[in-house]
Amino acid sequence: MAYSPILSLPLLLPLLSLSLYLLLRRNKKKKLNLPPGPTNLPIVGSLHRLGLLQHRSLFALSQKHGPLMHLKLGNIPAVVASSADTARAFLKTHDLDCCSRPLLTSFDRLSYGFKDVVLAPFGEQWRELRKVCIIELFSTKKVLSFRPIRQEEVDRMVGSIASQTDAVNLSEELMSLASHITCRQGKQPTYIYILTAIGKRYHAAGEGSRVKRILAETQALFMGFFFEDYFPMLGWLDRLTGMRARLERNFFELDRFYQEVIDQHRDPAWRREEDRAEDAIDALLNIQKRGEANVTDEHIKGVLMNIFIAGSDTSSASIEWTMAELMRHPSVMRKAQNEVRSVVGKKGKVEESDLDRLQYLKCILKEVFRVHPTVPLLVPRETIQHCRVDGYDVPAKTRLLINTLAIGRDASIWKRPEEFDPERFVGSDIDFKGHDFELIPFGAGRRICPGMGVGILVVELALANLLYSFNWELPKGTTKADIDMNEAPGVTVHRKSHLYLVAK
Ligand code: HEM
């Protein structure tokens, strides 16, 4: 057939416009001034540079490439902020452009398609649910109403430690304290220890270990490697690796628990029980009934997941790190014990009303948050809009990691950053409430942790009572040099090994 330019015009036009579009896009891309960073390999980008402890690998990289670093995680562009100034730029100046979350595979499934607060992308649904939670879970009135439960549970932990003559597994004690406080309902000693079968009492050996296994698996899946998150075209490989099946199994195990809890709360007989105080699930069900906000059962399950995952092991990890540091620094331990014992006197226990007077304990806690932030990379964010930081371009849909471990070790802010020294906070105005970007263990901006107030109360009350009630020693035959300070991988960073101490 003879060549006819007219005939091929319909074919040529789209091709020409596509070429023009690609050319323009290339030129536009070329003009982007991305932050410096490591050389990315084809396909994997810089994934091979990240070890199991991502905050550590990224800290090491930032020392070479600077406090604002660009890298590719597989196909996904990412930016890491490792200084107070760059964190401020993202979490304050450009907070509105940067306050979404990436739609990761495990986040999606375990939050019922982002019907939660922690993992949901920025939008009306997140805003509405966060508002409901702030009123129903985190308001001063609600937090105060659970004061007796916090005290009883701390007393129970102190009693359990006092009854042990050998070295105590403090990590286990703290984990169980935090989950009891999170999950206990009403005044009666009935726990849904992380959603154990309804109405049953929690017995450490049986249900507890099953639940622990399920939750450990959930944590592992949050950190797990899904091809879809780094190479969206290769998502089908997650079926071959078995990750999809693992995720589904975990989802169904959790879902069954959540459903049991919700059904129990709907049971009129159970609701009428005399000594039952209204809890978060009652509050959410009431809102659902009144139709005041879009709260479905799936939203309630999403919030339950948030409470169990974000709420309990962050507090226990913070206390564990503090006790380990105090054992390594006996003079700090002595000073803290002198403070708490002189403030509380012979009362027998520390109460929440005493906490405001424990100023040195607060300095210790800030120092622990600086050296051992329990959520060192915060929860990953994703930029919504293009923004410019320090003269560099950060395009929309970039994954954003804020490395609070690196900020805590920044020698331009902190003298002798590697040293554990709570004295640096004596007389200092720096606080962790999201205004001082040198210290942001709870994040900052629109996505700041709404559980900060209650988290701090639990940590301070438990620590103060541990210091008031016992003198602590290391197990026989060990010295402070033997205390293992290695970290276990996870969104929340715990100690790698359990902390065993002798309480006298
Ligand atoms: C010492 C204890 C705690 C620490 C260190 C901690 C830390 C954090 C961090 C770093 C974030 C991410 C902030 C960001 O992305 O900028 C966060 C978010 C969150 N935390 Fe906490 N947290 C603690 C206790 C709690 C408690 C007790 C609860 C609830 C019972 C809770 C519920 C949440 C929720 C719902 C979010 C998501 C906020 C959002 O994305 O809008 N946290 N937390």
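An unreviewed UniProt entry annotates the protein as Cytochrome P450 71A9-like originating from Iris pallida. In its Cofactor (unreviewed entry) section, UniProt records this for the protein: "heme".

K.L.:
How would you summarise the sheet that holds strand E9 (residues 500–503) if you had to cite specific residues and measurements?
P.N.:
Taken in spatial order, the three strands make up an open sheet running E3-E9-E8, and their pairing is antiparallel. Looking at which strands have only one partner, the edges of the open sheet turn out to be strand E3 (168–169) and strand E8 (472–473). Of the strand pairs in this sheet, E3 and E9 are connected by two bridges, and their pairing is antiparallel. Within E9, the residue paired with Asn169 across the bridge is Tyr500.

K.L.:
Describe the site of the ligand, listing the residues and the values that go with them.
P.N.:
Close contacts around the ligand come from 25 residues, with Gly311, Gly443, Cys449, Gly451 and Gly455 the closest. Listed by contribution, the elements that provide at least two residues to the shell around the ligand are helix H15 (297–328) and helix H19 (452–469). Broken down by element, the shell around the ligand gets its largest block of residues, seven residues, from H15. Here the residues of the shell around the ligand are counted per class, giving 14 nonpolar, nine polar and two charged.

K.L.:
I'd like a rundown of the environment of Arg101, residues and numbers included.
P.N.:
Residue placement: Arg101 occurs in the loop between helix H3 (84–93) and helix H4 (105–110). Given 21 C-beta atoms within a 10 Å radius, Arg101 is considered buried. As for Arg101 and Glu367, which are separated by 266 residues in sequence, their C-alpha atoms are 29 Å apart. Contact partners of Arg101, with chain neighbours within four places excluded, come to Phe107, Leu119, Ala120, Pro121, Val379, Pro380, Arg381 and Glu382.

K.L.:
Quick one: what's the story with the nonpolar core, residue by residue and with numbers?
P.N.:
Nonpolar side chains in soluble globular proteins tend to be buried together. Counting 78 residues, the largest nonpolar core has Ala87, Ile402, Ala462 and Ala464 as its most contacted members. The greatest single-element share of this core, amounting to 10 residues, is contributed by H19. What Ala462 contacts, discounting residues up to four positions off in sequence, is Val154, Leu177 and Ile319. Ranked by size, the runner-up nonpolar core spans 31 residues in total, among them Val118, Trp126, Val261 and Ile309.

What counts as what
Residues numbered from 1 in each chain as written. Predicted model: local features only at pLDDT ≥ 70, side-chain atom pairs only at ≥ 80, totals over all residues. UniProt positions renumbered as here; feature names shortened; annotations may be inferred. Pairing = 2+ DSSP bridges. Helix = DSSP H or I, 4+ residues; strand = E, 2+ residues; numbered from the N terminus. Near = placed C-beta within 6 Å. Nonpolar A, V, L, I, M, F, W, Y, C, P; charged D, E, K, R; others polar. Buried ≥ 20, exposed ≤ 12 C-beta atoms within 10 Å, placed from the backbone. Contact = placed C-beta atoms within 7 Å. Core = buried A, V, L, I, M, F, W, Y, C linked by C-beta atoms within 7 Å.

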